[in-house]
Structures are given as structure tokens and as C-alpha cells.
Amino acid sequence: MNYTHMQRFFMPSSSPTSHWQSTNQSDRVAPMLRRNHIAAVLSISIAWITPASAEDAVLIEEPTPPNVILITSDQLGHDAFAAETLSPFQHLSRLHSQSHQFLNHYIAPAVPLNQASIHTGRYNIRTKTVDYGYGRAMMAGDEVTIAEIFTGTDYKSGFFGTWWLGNNFPMRPKDQGYTESLVQYNDFIPPHSQAPGSENLSFGFRNNAEATLGDDAPHHLTTQAASFIESTHQLDYPFFLSLNIHTPVDPEAQAPARQQLLSGLDRSLSVIFAKLDELKMTSNTVIVFTTTRSLSNADSQSELRGTQGSVYEAGVRAPLWIMLPQPPQSSRSPKQIETVSAQIDILPTILEFCQFGSLDAFALDGQSLIGAINSAVPIELDRIIVQQHHLGATVASRHHFMLRKGPWKLLNPSDPSQSRRNSSNYELYNLSTDPSESKNLASENKDQVKQLLDLYDAWFLDVADTRIRDRGISPILVSRPQENPLILMADTRISNTSSSDGFWKLQAEHPSRVDISFDLPPHEGTDLKSWVATLSLRDASYTQVIDTSTDHVHFTGIPLIKGRNILQVVINSPDGQSELHPQQVHLTHR
């Protein structure tokens, strides 16, 4: 093992200025140019560390690239990971005791928003991921992910778990740079198989092909992730692994909800640690752990204020643990760090550890936390952290947000179930003296409220203007070479309501003829005889009377026009009073 890399890492480093604070309208990097820009930066970085000749190669001892594992979970709040709570769980305790722990780590109040920020190092609004489902979680295809950055190097990258950021080209993990992927469908995608006995099975896709994950998806995903680790080891490649365990319940654990969740997570960690130990890879592997949803409804033991999805501390605080390789005879021990951090910081921290060029070149919002890890005294990064979420396809200014700067926290706890701001009752807390947010100081600190609101307004203008010429939900690209058949899922169907109606927004690369089919949705014993299926595509509509002898509906030879197409499928009762919508639609090129 070569420890040159780690020795170079543990040196004082300055933190780059946050992207939004240092740029203006004239010098932002356009989204479509970021991929080429970053590829050029990586090429320069790699060329810089590559020996110029065979003679140089003899003289230069090349550092061993570290492996990186990013583990995310959900449904567990900040308080669930106290040392005394973890004591029954061997592998969680091991990770906790060997990790630097960031005690003031902030996440967004919704899972997809965190996944977008973790993978891009940017605020989710920039990426178009603004909400759960209804097409609002799909990330813009031109965003550069951490996997794509690793793709420009010798690393192999793997994603295993729930992916919220799109199920179609170019939004899937394989499209976003991952060498291998095994994806479990998210909560907004109902099981598509209605066969007897299938209700307990989990479904998803492996490398873009549909797959069944069995009746214990978290364990299956973890064992497959361990196999990925072994395969890269056999090929002598460094790896980046993202393992997202969604609601990791251990089916054999007989315990309260929080204990069950911790037990399931501990079981997944046991598989990963066992593989690393077996292959003697632990000493050269970075493990980053966080959660993408804070306080669960079953997690009532939090001492912080708020509920799941709120912008009070219990809704936006989560653990961040970073376990770093230990050089031989190192006296450095993991520590608890008070520096305020957020999900946008994970990517730049990993990049700096792996020495992937200057962080300023990546147009990130996050900052590397290396300086905070190396510092002998607590340091405060010169920036603000903002988290915001409410229902709707468009983010509304000053609606259900929190802003943290130093000890001060400003928030507007407006109703997140509304798409528009319905109140402006700003609250101000000094978290250094009032971590439970029990005393609102807004009325007696109006100047402080105004100052923080001005900072929020500047932040919002910057992130909202990222896509000033590309607003709205991204269309799904219809590309025969990339995806045939094209499978349209329920969570990407655009709707302004919480019902199952709505439409898919498509962008066809070429004109063609397609066959469109779907299974009949669950109808709870309702006789669908004489019901009518209507397919609307662009300006044309096609109808078909339901044949009750089959569970499938097929429309054949439908013309698809190049450019923007709106696709909608609805099944109406003969009297027009009831309607059903399929959970999946398959579009197959002829």
C-alpha cells in the first residue's frame, strides 16, 4: 500500500469561495457547456500527474488511488445516531467510531433533492429536481454527476439502490456515468406486475434493463454492491460505489421502528465491511455516510424541533460521517466537527481527497470539508446554507425555506403542501444558545432578519437563473438507439394533482412509427367491459374498447413526430363518470 496520497491529503487547505457568492450573470458556466469544461479539466489534471517519459516513470512513485464508498439511507433522524443508540449495532458502531462526524449537517426536506445535490455538488434547484414524483424529481440530463467525473479517470463506478432522478435516457445512473447500476424503483412507482404472489416483490432495472429484486431488496442491493467491489478488485481498478438503501428494514428484526431501521442498515454495513476486510481494502477506502430524509414518522425520540419534511432542525438535520484511510502509525483520531455542512459539500470533499484538479473549475455550490477535518480548531466556512422544499413544479421565493449563517437560522415555516407561499411569518433563532428553536428572536432583531433575507434573495436569484432559458420539467428523450422499448413510469407523469392522471412530455429525436402498449391498472373487481382506452399523442387521439379477455391494451403503428410530443393515456367508463390510468406505458419503435 502506498500512503503518499494520504500524506498529501492531510495538509492545510483553503476552502474555495462558494459558487453563488463568487459569480455573476456574465461569468456563469452555461449548463450545456459544463460537461466539456469538466472533461477538459480532468484531462489536464490527469496529464499533470502522468510521467512524461519511461525514465520519469521509474523516478516517480505513483500514489495508490483510494476507493470511495458513499452510503445513504433514509427515515432516520439526527438523534438516531448517538453512540449510546448505536451500541447494539456492531457495524454501525464501527463506522461511527472510525469516522469524523459533522454535527451540524443539513439536508433538504425531501429525498430527491438531496440525491441531486449529493451527485452534483450543486443546489437542487439548479438541476431541475424540485419535488417528489409528477416529473418534478427528474434531473436535467446535462448536469455533471460525480460518477461522470470518475468516468474520466481509471475508476469504475457503481450505483446500487433507489434512484429518484429519472428512469429514462439520459437520466438513469448508466446514462449519468455509472459503469454498473442496479436500481430499485422509488415510492412513486407502483409495482407493475399484478401476478399472484408478486405484491411482496421489488422491481427495478439493472444497467437499464428491467429486473426483479426479490422480496428483500435492501439485502439484495447490498450483496450486489459487494460483488461489484470484488469485481473491480479482481481487475485491479479503483472504484467509486454509491449505495442508497431506501428504508433498510431488517425483516428478521423484532423491534420498534427505529431499531428495525438501524438493524437493517447495520446488516447492510456488515456485508460491505466483510467484503472490504476479506479483500484487505479497508485501509485504502473512504466511506461517506449520510441520510437523505431526516426524522421519520416513527422516530419520535428527537430532542430537536420539527417533523419530517419541515424546515425546523428535526426535518433538516442529518448525520454526516467520513471514514478516511489511516496511514501507518498515524496518531490522528476521528473527531466531532462543529463546522456547518450540507449535502452539496460531499462531492467537493471526495474530489479534493482524490485530487481531481481545482475545485473552482467545477462550478459547484458546495465546499470541500477537508479544511474542517484537518483543522485543530473549529472553523466556520464563509457562506450561507439554504434548504427549501414545497409541492409544485416551480420553486417559489421565500416559501418554506431555512437559511443558516454562523449561529443564526432564519426560516419561513409556510405550508409546504401549497405550491405558493401562503405566509411570511419569518422566524429567527440563535442555534448556539437555542438548539431546540424555542425562542423566536425575529421581532427584536429586525436588522438581522433583513440582512439574512437579503442573502436569501441573492441566493434564490442566482440558483433560479441557472436555467433561465430552460425552465420547466425536462422532457423525456425518445431515442431508439438508447431505449427501445421506452418505458414510461408513473413517477414521471406530469400532474398538478396527487392523483394518477397527467401526461408525459416527450422529445423525439426522429419521426417514426411506434407501438404503444400498457397493462390494465388495478381495478378492484370492477368489470371493465365496454370501457374505452383513449391514447392522445400530440394533436391526434386513438380509442379502443377494452377487451376483457386480456389484461393488455395495444395501439399499433402510431405516428410519432420529431420534436415535442405530449402523451396521455386514460381509460374511461361507458358513462364517462370514472377513469383509470396505467402505471406503465411501453413505447416500442418499429
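### Thoughts on the sheet that holds strand β13 (residues 408–412)
- If you trace the four strands from one edge of the open sheet to the other, you get β11-β12-β13-β14, paired in antiparallel fashion. Two strands lie at the open edges of the sheet, namely β11 (385–388) and β14 (427–430), each paired on one side alone. Across this sheet, the average inter-strand angle for adjacent strands is 15°, counted without regard to direction.
- Relative to β13, strand β12 (residues 401–405) is paired through five bridges, and the arrangement is antiparallel.

### Considering the sheet that holds strand β16 (residues 486–489)
- Across the sheet, which stays open at both edges, the four strands sit in the order β16-β24-β18-β21 with antiparallel pairing between neighbours. With one partner strand each, in any of the chains shown, β16 and β21 (552–560) form the two edges of the open sheet. Adjacent strand axes in the sheet meet at a mean angle of 20° when their direction is disregarded.
- Relative to β21, strand β18 (residues 512–519) runs antiparallel, the two sharing seven bridges.

### Considering the packing of helix α10 (residues 217–234) against helix α11 (residues 257–278)
- It is the contact of α10 with α11, at a shortest axis distance of 9 Å, that shows an interaxial angle of 15°. With respect to each other, α10 and α11 are oriented roughly parallel. Handedness of the α10/α11 crossing: right-handed. Here Pro-218, His-219, Thr-222, Thr-223, Ala-225, Ala-226, Ile-229 and Glu-230 of α10 lie close against α11, whose contacting residues are Arg-267, Ser-268, Val-271, Ile-272, Lys-275, Leu-276 and Glu-278.

### Some words on the packing of aromatic side chains
- Using the criterion set out here, one finds 20 aromatic pairs in the structure.
- With 5.0 Å between their ring centres and 85° between their planes, Phe-159 and Trp-163 make a pair best called edge-to-face.
- Look at Trp-163 and you get buried, because its relative accessible area is 0%.
- Here the aromatic cluster, defined as three or more aromatic residues joined through ring pairs, consists of Phe-150, Tyr-155, Phe-159, Trp-163, Tyr-178, Phe-240 and Phe-356.
- Taking NZ or CZ as reference, Arg-94 lies 4.0 Å from the ring centre of Phe-273, over its face.
- Above the ring of Tyr-237, the side-chain terminus of Lys-156 is found at 4.6 Å from the ring centroid.

### Quick notes on unusual backbone geometry
- The step from Phe-169 to Pro-170 runs through a cis peptide bond, and the omega angle for that step is 5°.
- For Pro-170, the location among the structural elements is in the loop between β3 (156–162) and β4 (180–184).
- Residue Pro-485 is bonded to the preceding Asn-484 through a cis peptide linkage, with omega at 10°.
- Tracing the sequence through the fold places Pro-485 in the loop between β15 (476–478) and β16.
- One non-glycine residue, Lys-128, adopts positive backbone phi at about 80°.
- Among the residues examined, Lys-128 registers a relative accessible area of 12% and is labelled buried.
- Even without being a glycine, Tyr-134 presents a positive backbone phi close to 55°.

### Re α10
- The end-to-end C-alpha distance of α10, which contains 18 residues, comes to 26 Å, matching closely the 26 Å that a straight helix rising 1.5 Å per residue would cover.
- For α10, the set of buried residues is Ala-217, Pro-218, Leu-221, Thr-222, Ala-225, Ala-226, Phe-228, Ile-229 and Thr-232.
- Trailing α10 by a residue or two, Asp-236 shows a phi angle of about 60°, which is positive.

### Overview of the environment of Leu-262
- Among the secondary structure elements, Leu-262 is positioned in helix α11.
- Judged by relative accessible area, which is 0%, Leu-262 ranks as buried.
- In this structure the C-alpha to C-alpha distance between Leu-262 and Ala-80, which are 182 residues apart in sequence, comes to 8.3 Å.
- Leu-262 has contacts with Leu-76, Ala-80, Phe-81, Thr-85, Leu-86, Phe-89 and Leu-92, leaving out every residue within four places of it along the chain.

### A word on the nonpolar core
- One finds Phe-102, Phe-150, Phe-240, Val-288, Ile-322, Ile-350 and Cys-354 to be the most contacted residues of the largest nonpolar core, which totals 49 residues.
- At six residues, helix α13 (residues 346–354) tops the list of elements feeding residues into this core.

### Let's talk about the pattern of salt bridges
- Counting across every chain of the model gives 24 salt bridges.
- In this structure, the salt-bridge partner of Arg-122 is Glu-143, at a minimum N-O distance of 2.9 Å. Here Arg-122, found in the loop between α7 (111–120) and α8 (124–127), pairs with Glu-143, found in the loop between α8 and α9 (146–151); they are 21 residues apart in sequence, far enough to count as distant. A single burial state applies to Arg-122 and to Glu-143, both of which are buried.
- With a closest N to O distance of 2.9 Å, Asp-131 and Arg-136 form a salt bridge.
- Each of the salt bridges in this network shares a partner with another, and the network as a whole consists of Arg-122, Lys-128, Asp-142, Glu-143, Arg-467 and Asp-470.

### Describing the environment of His-389
- Within the element layout of this structure, His-389 appears in the loop between β11 and β12.
- For the pair His-389 and Pro-416, spaced 27 residues apart in the sequence, the C-alpha separation amounts to 6.8 Å.
- Setting aside chain neighbours within four positions, we find His-389 in contact with Pro-109, Ala-110, Leu-113, Val-130, Asp-131, Tyr-132, His-400 and Pro-416.
- Of the polar contacts made by the side chain of His-389, one reaches the side chain of Asp-131; its length is 2.8 Å.

### Concerning the packing of helix α6 (residues 90–97) against α11
- Relative orientation of the contacting elements α6 and α11 amounts to 70°, with a least axis distance of 7 Å. Taken together, the axes of α6 and α11 are roughly perpendicular relative to one another. Here α6 runs over α11; the crossing is left-handed. On α11, the residues that touch Gln-90, His-91, Leu-92, Arg-94 and Leu-95 of α6 are Leu-262, Leu-265, Asp-266, Leu-269, Ser-270, Phe-273 and Asp-277.
- A per-class count over the contact of α6 with α11 returns six nonpolar, three polar and three charged.

Each value, and the rule that gives it
- Residues numbered from 1 in each chain as written.
- Predicted model: local features only at pLDDT ≥ 70, side-chain atom pairs only at ≥ 80, totals over all residues.
- Heavy atoms only, no water.
- Pairing = 2+ DSSP bridges.
- Helix = DSSP H or I, 4+ residues; strand = E, 2+ residues; numbered from the N terminus.
- Axes fitted to C-alpha atoms, helices over the stretch in contact; angles between N-to-C directions.
- Parallel < 35°, antiparallel > 145°, perpendicular 65-115°, else oblique.
- Left-handed = near helix turned anticlockwise from the far one by under 90°.
- Contact = heavy atoms within 4.5 Å.
- Phe/Tyr/Trp six-rings, centres within 6.5 Å; stacked < 30°, edge-to-face > 60°.
- Buried < 20%, exposed > 50% of the residue type's maximum accessible area, 1.4 Å probe, protein only.
- Lys NZ or Arg CZ within 6 Å of the ring centre and 35° of its normal.
- Expected span 1.5 Å × (residues − 1).
- Core = buried A, V, L, I, M, F, W, Y, C linked by side-chain atoms within 4.5 Å.
- Salt bridge = Lys/Arg side-chain N within 4 Å of Asp/Glu carboxyl O.
- Polar contact = N/O pair within 3.5 Å; in protein donor to acceptor, adjacent residues only side chain to side chain.
- Nonpolar A, V, L, I, M, F, W, Y, C, P; charged D, E, K, R; others polar.

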